[in-house]
Amino acid sequence: MQPQWVNIPEGLFRCLIDKAKDKKGKELEILLKNEIVNRFKSLNKNPKWLQSPQWVIEDEYPLIFVGQFDITKLRHDITHAYLFLNAKTGRYSTVEQSM
C-alpha cells in the first residue's frame, strides 16, 4: 500500500493504522494515502531512488524532500545525492546512493 518512493518505518505505520482503526476497505486506503502524502512532503517531485527508499526521518518526523542531484562525476559509479530539510530546525540532511 505504500508508494515506491518511501519506506515507512514500522512505528510510524502502526501510528497511521491506529489513527484509522475505525476505517475499512477503500475508506482505509484513502485515509492512509492522504496521511502518507501529508507527512512525506516534497518541494517539487518525489525522489527517484537508485536503491531502496531512505527517506530521512528525525524524531518520528519525516523531513521535506528538497531534491536530488546526479553527482556521478564525483564518484566512480552512478551516484545521486538526496537533500532533505528539517522544517523545525532549518537543518539539511543528505542521503547518497550509488549503483
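Residues numbered from 1 in each chain as written. Predicted model: local features only at pLDDT ≥ 70, side-chain atom pairs only at ≥ 80, totals over all residues. Heavy atoms only, no water.

Asker: Can you walk me through the pairing of strand 4 (residues 79-85) in this structure?
Answerer: Counting buried residues in strand 4 gives seven out of seven residues, a clear majority hidden from the surface. In terms of strand pairing, strand 3 (residues 64-70) meets strand 4 through six bridges, oriented antiparallel. Bridge assignment links F65 to a residue of strand 4, and that residue is F84. Bridge analysis of strand 4 against strand 5 (residues 92-98) gives seven bridges, and the strand direction is antiparallel. Bridge pairing in strand 5 places H80 opposite Q97. Linking two consecutive strands that pair antiparallel, namely strand 4 and strand 5, is a turn of six residues; a positive phi of about 80° is found at G90 within it. (Buried < 20%, exposed > 50% of the residue type's maximum accessible area, 1.4 Å probe, protein only. Helix = DSSP H or I, 4+ residues; strand = E, 2+ residues; numbered from the N terminus. Pairing = 2+ DSSP bridges.)

Asker: When you look at the packing of aromatic side chains in this model, what are you seeing that I'm missing?
Answerer: Any aromatic ring pair is given by two values, namely how distant the centres are and how the planes are angled relative to each other. Following the criterion strictly, the structure yields seven aromatic pairs and no others. Ring geometry for F40 and W55: centres 5.4 Å apart, planes at 85°, overall edge-to-face. With F40 in the loop between helix 2 (25-39) and strand 1 (57-58) and W55 in the loop between helix 2 and strand 1, the pair connects residues that are 15 residues apart, well separated along the chain. Side by side, F40 and W55 carry an identical accessibility label, which is buried. Seen from their ring centres, W49 and F84 are 6.3 Å apart, and the 15° between their planes marks the pair as stacked. Taken as a pair, W49 in the loop between helix 2 and strand 1 and F84 in strand 4 lie far apart in primary sequence, 35 residues in all. The exposure class assigned to W49 is buried, which follows from its relative accessible area of 13%. On the basis of relative accessible area, F84 is assigned to the buried category, the value being 0%. Every member of this aromatic cluster is reached through a ring pair, and the members are W5, F40, W49, W55, F65, Y82 and F84. Between the NZ or CZ atom of K88 and the centre of the ring of Y61, over which it lies, the distance is 4.4 Å. (Phe/Tyr/Trp six-rings, centres within 6.5 Å; stacked < 30°, edge-to-face > 60°. Lys NZ or Arg CZ within 6 Å of the ring centre and 35° of its normal.)

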